[in-house]
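Structural overview for review
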Amino acid sequence: MAATSSLQSRTSSLKSASRSIYNNGISRLIPHSPPSTLKLHHHTQSSLSIKAFSSPSPTPILTQDDLKKIAADKAVEYVRSGMVLGLGTGSTAAFVVSKIGELLKSGELKDIVGIPTSKRTYEQALSLGIPLSVLDDHPYLDLSIDGADEVDPDLNLVKGRGGALLREKMVEAASKKFVVVVDDTKLVDGLGGSGLAMPVEVVQFCWKYNLVKLEELFKDEGCEAKLRIDGDGKPYVTDNANYIVDLYFKTPIRDGLAAGKEISSFQGVVEHGLFLDMATAVIIAGKEGVSVKSNFNVQWVFQDSTRGSLGEWRKKVELRSRSCGVWFRKLFGNWLTVWRERRKTFQRKYVTTDR
């Protein structure tokens, strides 16, 4: 019992000692409160408000494909249900065919029949579910839509760099209306003025003979004739099993109508890429919007290309003095000639002079 009591006393003494040590240590760690006479000055920094001025979002730059698609969508506005359509060939025409396929799928267009101008267009239209036919079954078309490689101020065209110029010309010549879709880079002052190829389709037999004759025909324009070669280094063969001779001009063709007749007169020439007086309207996509030019030199500029709505648009009428002058001279000159002839006839029959 004595041992137990001594042990308890030692334990209590150790606890009291440790408690005093703990309290003394804590008192050293805790800072003393400042006297009441001491004033504490709190310095607060004035906050600076920085306003971030967000720069305006840059205007998106339209690529050439964007412009082609905009023009293609505008051209499809001419399409109505029940039409027989000529489907062109090329990068721009591909956008047109794609849009027609979308409208058929959505039900906005119905009972459309397409006449493709190449095997490529045939395969694309078939994959989109567009009903197809041929000129033999539909010799009269309501509308053809196609691209062009060059467009001059009188809406004459160079076409066929895609290699389908023969079928394109056959289908588009059989159409009541022919709408051309281009971007503004295809506009030229004269055909051949871009310096790029103007194609001529020739038979494979003695193709060099026609190449030399074509180059000589346009020697004043600095023409260089080349046989078109495909990616494999072999002569390019059209869907009609012909070759293509590409003509490159240093200066524009002076008289497109005469040039077309001369080219067609060569034996072995199948077709040329001059599409003269064929376009009903040309739709041009540019930075300022979409413009539609017709053969009557009337231009409409649409700010909104939404299907079925003209949106905000302004109408521009361009009367070219040269075209109007030619038209006036033809009309007035013919009338004056007829009037003079009839006056002479009247005088011979009914007017007698006394001598």
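We now turn to the structure provided with this report. Just so we're clear, the structure is a prediction, and the values are computed from it rather than from any experiment.

Points about the pattern of salt bridges
- In the structure shown here, the tally under the stated rule is 11 salt bridges.
- Residue Glu224 pairs with Lys226 through a salt bridge whose shortest N-O separation is 4.0 Å.
- As a salt-bridge pair, Arg228 and Asp246 come within 2.8 Å of each other at their nearest N and O atoms. Of this pair, Arg228 sits in the loop between strand E8 (224-227) and strand E9 (243-248) while Asp246 is found in strand E9, placing the two residues 18 residues apart along the sequence.
- Look at Asp246 and you get buried, because its relative accessible area is 5%.
- The network of salt bridges with common partners includes Asp146, Lys159 and Glu168.

Considerations on the pairing of strand E6 (residues 175-183)
- The element E6 is largely enclosed, with a buried count of 7 among its 9 residues.
- Bridge count between E6 and strand E12 (residues 281-286): 5 bridges; the pairing is parallel. Considered in E12, the bridge of Val181 is made with Ile283.

Observations concerning the sheet that holds strand E4 (residues 150-151)
- On the basis of which strands lie adjacent, the open sheet formed by 3 strands has the order E4-E5-E11 and antiparallel pairing. The open sheet has two free edges, formed respectively by E4 and strand E11 (274-275), since each of these has just one partner strand.
- Where strand E5 (residues 157-158) and E11 come together, 2 bridges link them in antiparallel fashion. When the bridges of E11 are listed, Val158 appears paired with Leu274.

Some points on the packing of helix H2 (residues 64-76) against helix H3 (residues 91-106)
- In contact at an axis separation of 8 Å, H2 and H3 are set at 50° when each is read in the N-to-C sense. Judged on the interaxial angle alone, H3 and H2 are oblique. The crossing of H2 and H3 is right-handed. For the pair H2 and H3, contact is made by Asp65, Lys68, Lys69, Ala72, Asp73 and Val76 and by Ser91, Thr92, Phe95, Val96, Lys99, Ile100 and Leu103, respectively.

Details of the sheet that holds E9
- One open sheet holds the 4 strands; their spatial order is E8-E9-E7-E10, and the pairing between them is antiparallel. Edge positions in the sheet fall to E8 and strand E10 (269-272), since each of these pairs with one other strand and no more. For this sheet the average axis-to-axis angle between neighbouring strands, irrespective of direction, equals 25°.
- Here strand E7 (residues 198-202) pairs with E9 via 5 bridges, running antiparallel. Each residue of the ladder has a partner; that of Val200, found in E9, is Val245.
- The strands that helix H5 (residues 165-173) touches are E7, E9 and E10; relative to E10, the one it contacts most, it runs at about 65°.
- Docked against the sheet, helix H6 (residues 207-217) engages E7, E8, E9 and E10, running at close to 160° with respect to E8.

Cut-off values and rules
- Residues numbered from 1 in each chain as written.
- Predicted model: local features only at pLDDT ≥ 70, side-chain atom pairs only at ≥ 80, totals over all residues.
- Heavy atoms only, no water.
- Salt bridge = Lys/Arg side-chain N within 4 Å of Asp/Glu carboxyl O.
- Helix = DSSP H or I, 4+ residues; strand = E, 2+ residues; numbered from the N terminus.
- Buried < 20%, exposed > 50% of the residue type's maximum accessible area, 1.4 Å probe, protein only.
- Pairing = 2+ DSSP bridges.
- Axes fitted to C-alpha atoms, helices over the stretch in contact; angles between N-to-C directions.
- Parallel < 35°, antiparallel > 145°, perpendicular 65-115°, else oblique.
- Left-handed = near helix turned anticlockwise from the far one by under 90°.
- Contact = heavy atoms within 4.5 Å.

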